[in-house]
Amino acid sequence: MKTDIILAGVGGQGILSIAAILGAAALNENLYLKQAETHGMSQRGGEVVSHLRISDSPIYSDLIPLGSAEIILSVEPLESLRYVPFLKSDGCLVTNTTEFRNIANYPKLEPAFTELGTKLKIIQIDADTMARETGNPKSSNMVMLGAASPFIHIDKEIILKAIETVFKAKGDKVVESNKQAFLAGREFALS
Amino acid sequence: MQRKLLLGVEAIGQAAIDAGISGVYAYPGTPSTEITEYIQENEVAVERNIHRQWSANEKTAMESALGMSYAGKRSITCMKHVGLNVAADVFMNAAITGINGGLVVVVADDPSQHSSQNEQDSRFYGKFALLPVFEPSNQQEAYNMTYEAFEFSEKTGLPVLLRITTRLAHSRAGVVQRELLPEKMLKLPANPMQFMLLPSYSRKYYQQLIDKQPLLLKYSNESEYNTFSHGTDKSLGIVCCGIAYNYLIENYPEGDCPYPVVKIAQYPVPEIWLRKLEKECDELLVMEEGYPLVEELLTDFFERGKKVHGRLSGALPRRGELNPDHVRKALGHEQPEIAEVPAGLVGRPPSLCAGCGHQDTYFALNEVIADYGDGRVFSDIGCYTLGALPPYNTVNTCVDMGASITMAKGAADAGLEPVFAVIGDSTFTHSGITGLLDCVVEKTNINIIIVDNETIAMTGGQDSSAKGRIEKICEGVGVDTKHIRIFVPLKKNHDEIVKLIREEVDFKGVSVLIGRRECVQRVARMKKMSSSKNE
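**Q** How should the overall build of chain A be read in this particular structure?
**A** Looking only at helices and strands, one finds seven helices and six strands in chain A. In chain A, the succession of helices and strands from N to C terminus is β-α-β-β-β-α-β-α-β-α-α-α-α. The C-alpha atoms of chain A give a radius of gyration of 16 Å, which matches the 16 Å a tight globule of 191 residues would have. For the C-alpha atoms alone, the extent of chain A along its principal axes is close to 40 × 40 × 40 Å. The contacts in chain A between residues at least 6 apart in sequence include a share of 63% that link residues at least 24 apart. For chain A, the centre of its 19 positive side-chain charges and the centre of its 22 negative side-chain charges are spaced 3 Å apart.

Written as structure tokens, this is what we have:
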């Protein structure tokens, strides 16, 4: 069993929290994990990508090879498209639809999604709206994690427990709203 | 055994604490920064009150670490690859003095230049200094090799250079810790002249260093981190250095690599394994992060020996970090079918944050420069280097820490007038002060703008040694107080800043303009920290 995940987004959108939760969950399950992330210049509103690998046998490369990721999990639609060469032919691209426009020449994405949709499995989800509806607008990253969770070989309860661990310091209310966001995203992907 | 999820850099920090260091000395630099930050926040380090404050630059850091070693205690010093250039003087000479307490020099290289001006390979420094180099291949090895490096340093009497690259630095994995060791006691060197490099002594010490080389080779040959694995297909022998080993194994997920493989994680290179490989195999393939150091070593200048493939031969890219796909190609494996990146995707280049004071400084400076023409603003290393890009297009150079002032001086000496230097607060105290002194001594006609955001912003907002000291330093160096001018970089002050710069351009001598406003990221972080403390 192995799951290779490309996590993508823009600096500050919370992809490292997603990575931290899956990391805690994997450790709890006694699985092997490697997670490579971007630091330094790219954090100032730039593109951020993390390679997250979970497996029941030792993992060697910190980087995912092209054509072998099970999931691209992106909290921003433009960023989700950058990494499609990493996706397996039967992999799944799960992306937020809310655009993060901090560049003047932000392109039209619809044609690319339509074209890719003929070859790849794509789940598009308005995570920002869904997060607002669950009462915590900051939890859109947890909606996204929820939407990707059916494709990750870790039990739902274990991930929920990891959400608790990671957000514990911020209080019960934050823990609960992030759990709700996760479950809402999961339900969307399963329906 | 409990595993802890750690970045490669954090594993190094944890290992140093567990090995009983009494001090970490460093200046921030990606991808090395978090080693020191990890130690700064660690409970044991706080309880033991291990030295963990930032130094002014890498040279002062390494010298202090050597001083702690002189006093018999274990110390670690950490920097990015170009930081080792700054500390090269003490590094080369620490090889001659040797150590008293264990001393580990961690250098994080940045192939692919994610956040650096070049991708120099620090293993060459190790070779240059005749010192042992450790190059762990994963997070657990990073922990184990750091932990053992202190003892190795004491056993050989030499500093150990621990070299990592970006990918290992910033990738997380589960790491098993070892027993926490006590700190060493204060103990002066047995030979009181050990650190006295008068030529009459140092000739002898240099000979001793040369005499130690066979011993270092013996340790490399015997190291558990340097391995030979047998293979059935002798048409090719593979040499993997550091994390390159992972990319090889990634291409043989069932552990079924048919070729004999030498894995190198400790230098000097393990001769016995390389000789065995050369003897057994028809051709060799060398995979290493950084420059082709081992490939060059094994390649026969006169081409009479066996063929060696790698970065020089073109089997792997000449520059940039390796990845499993490069290695797959070099092994001649088929590429999988992959989806193509849709056309027309644009990048998101890094940019100055909304509300950053550097913007206001640049817009004002641009107005002044318009009177004289472009090409006269020398800059430096930090967030403000982004002033080279639109919409500012203000600064013209970025070479090394402190070079703004001294390059502007050289250009002024050549007759360029007026000239400007734009340097950050922390870069100024890192390497700008001596350049300022040169200007003062020669009464250079120069306008130095210190963009003071009161922190080391680019690497995440560490404490700057410059904070609250810049005017005093400039005065002390000899700048006329009438020409030390302060402004607040805010949009509403635009006209005032333009006027101030114009006044100093009219003065033919050394002017220092300090634009002071705290980094907006740091303000936000501090606010968040104090509110979470109040909760």
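Still to come is the rest of the account.
**Q** Just to check I follow, could you spell out the nonpolar core for this structure?
**A** Within soluble globular proteins, side chains that are nonpolar generally end up buried alongside one another. All names here are of chain B. The biggest cluster of nonpolar side chains holds 104 residues, and the ones touching the most others in it are I76, F91, I238, M287 and L331. At seven residues, helix α8 (residues 139–156) tops the list of elements feeding residues into this core. Taken domain by domain, the makeup of this core includes at least three residues from each of domain 1 (3–211) and domain 2 (227–330). With sequence-adjacent residues up to four places away left out, M287 is seen in contact with I238, V239, C240, C241, A244, L248, L316, L322, V327 and L331. V368, A421, C439 and V512 belong to the second largest nonpolar core, which has 51 residues in total.

**Q** Help me understand helix α3 (residues 110–117) of chain A, please; the structure alone is not making it clear to me.
**A** Every α-helix carries 3.6 residues per turn, so stepping three or four residues along brings you back to the same face. Residues and elements named next belong to chain A. Residues A112, F113 and L116 constitute the buried set of α3. Buried residues of α3, seen end-on, are gathered within an arc of 100° and therefore sit on one face of the element. Facing away from the buried side of α3 by over 90 degrees, the exposed positions are E110, P111 and T114. Among the structural elements, α2 (77–82), β5 (87–96) and β6 (121–125) are those in contact with the buried residues of α3.

**Q** So what exactly am I meant to see when it comes to the pairing of strand β3 (residues 75–80) of chain B here?
**A** The side chains of a regular strand alternate, first on one face of the sheet and then on the other. Residue and element names in this part refer to chain B. Burial of β3 is extensive: six of the six residues sit out of reach of the surface. Burial along β3 is two-sided: S75, T77 and M79 facing one way and I76, C78 and K80 facing the other are all buried. Where strand β2 (residues 23–26) and β3 come together, four bridges link them in parallel fashion. Directly across from G23, in β3, lies its bridge partner S75.

Calculation notes
Residues numbered from 1 in each chain as written. Chains lettered and ligands numbered in written order. Predicted model: local features only at pLDDT ≥ 70, side-chain atom pairs only at ≥ 80, totals over all residues. Heavy atoms only, no water. Helix = DSSP H or I, 4+ residues; strand = E, 2+ residues; numbered from the N terminus. Rg over C-alpha atoms; globule rule 2.2 N^0.38 Å. Contact = heavy atoms within 4.5 Å. Lys, Arg positive; Asp, Glu negative; His and termini not counted. Charge placed at Lys NZ, Arg CZ, Asp CG, Glu CD. Core = buried A, V, L, I, M, F, W, Y, C linked by side-chain atoms within 4.5 Å. Buried < 20%, exposed > 50% of the residue type's maximum accessible area, 1.4 Å probe, protein only. Domains from an automatic or database assignment. Arc of directions from axis to C-beta. Pairing = 2+ DSSP bridges.

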